Amino acid sequence: MKIMGLLLGVLLALAALLLVAGQLGLFAGKPPQDLGVRDGRLKPPSLTPNSVSSQAGRHADHPQRSEADIAPLPYTGDAKAALGRLATLLESTPGCALVTREPAYLYAQCHTRWLQFTDDVEFSLDEAGGVVHVRSASRLGSKDFGENRARVEALRARFDQARRT
């Protein structure tokens, strides 16, 4: 019994240390210096399974191409209004901060709730295609347990809903 109690105490202390470390920003990572649109494309997906990209198919030899693939966000009507609607949604998303807002590009940093891992989320307006391309990637680790995909799909649902109202 004493061993079980000691083990439980050690596990609780470890969990508390992880939470404190996360809240202190020790799991935030460093912002990438190569974000943005180059030659009409966002940065390729990560080399590990912790990112999604609607342009993954444009990187034919990328090892995570099929795992990272996600649909872009379609819009109708005014392109700039659509990007503005998306910016507003990002600003109202808990844990997300809109860092860059340009006429055809958005960049946000989103943090996980407890450990404050940072994900970099980019959007690029493709007026000719009637879509907004997206890339979302974790800064640290090799897995994200579907967090980036879930975030993009939740934004997609809110973006579609905002368009209908």
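Residues numbered from 1 in each chain as written. Predicted model: local features only at pLDDT ≥ 70, side-chain atom pairs only at ≥ 80, totals over all residues. Heavy atoms only, no water.

To continue, consider a nonpolar patch on the surface. A surface patch of nonpolar side chains, about 320 Å² in accessible area, is lined by Met 4, Leu 7 and Leu 11. When you line up the elements, Met 4 lands in helix H1 (residues 2–23). (Patch = residues over 30% accessible without salt bridge, like charges linked within 9 Å, V, L, I, M, F, W, Y side chains within 5 Å. Areas by Shrake-Rupley, 256 points an atom, 1.4 Å probe, with all protein chains shown as cover. Salt bridge = Lys/Arg side-chain N within 4 Å of Asp/Glu carboxyl O. Helix = DSSP H or I, 4+ residues; strand = E, 2+ residues; numbered from the N terminus.)

Here we take up helix H4 (residues 147–164). Owing to its 3.6 residues per turn, the α-helix aligns residues three or four sequence positions apart on the same side. Taking 1.5 Å of rise per residue, 18 residues should cover 26 Å, and H4 covers 26 Å from first to last C-alpha, within 8% of that figure. For H4, the complete set of buried residues consists of Asn 148, Arg 151, Val 152, Leu 155, Arg 156, Phe 159 and Asp 160. Along H4, the residues classed as buried sweep out an arc of 165 degrees about the axis, all on the same side. (Expected span 1.5 Å × (residues − 1). Buried < 20%, exposed > 50% of the residue type's maximum accessible area, 1.4 Å probe, protein only. Arc of directions from axis to C-beta.)

Tyr 75, Leu 86, Leu 106, Phe 123, Val 132, Val 134 and Phe 159 are the most contacted members of the largest nonpolar core, which totals 23 residues. Looking at this core, the elements that each hand over two or more residues are helix H3 (79–91), strand E4 (105–111), strand E5 (118–126), strand E6 (131–138) and H4. No other element matches H3, which puts 7 residues into this core. Once residues lying within four places of it in the same chain are set aside, the contact partners of Val 132 are Pro 72, Leu 73, Tyr 75, Leu 83, Leu 86, Phe 123, Ser 124 and Leu 125. (Core = buried A, V, L, I, M, F, W, Y, C linked by side-chain atoms within 4.5 Å. Contact = heavy atoms within 4.5 Å.)

Across all of its chains, the model carries 1 disulfide by this definition. Cys 96 shares a disulfide with Cys 110; S-S distance 2.2 Å. One disulfide, between Cys 96 and Cys 110, carries an S-S torsion of 110 degrees and so falls in the right-handed class. On the criterion of sequence distance, the pair formed by Cys 96 in strand E3 (residues 96–102) and Cys 110 in strand E4 is long-range, its members being 14 residues apart. Here Cys 96 and Cys 110 have matching classes, each one buried. (Disulfide = S-S within 2.5 Å.)

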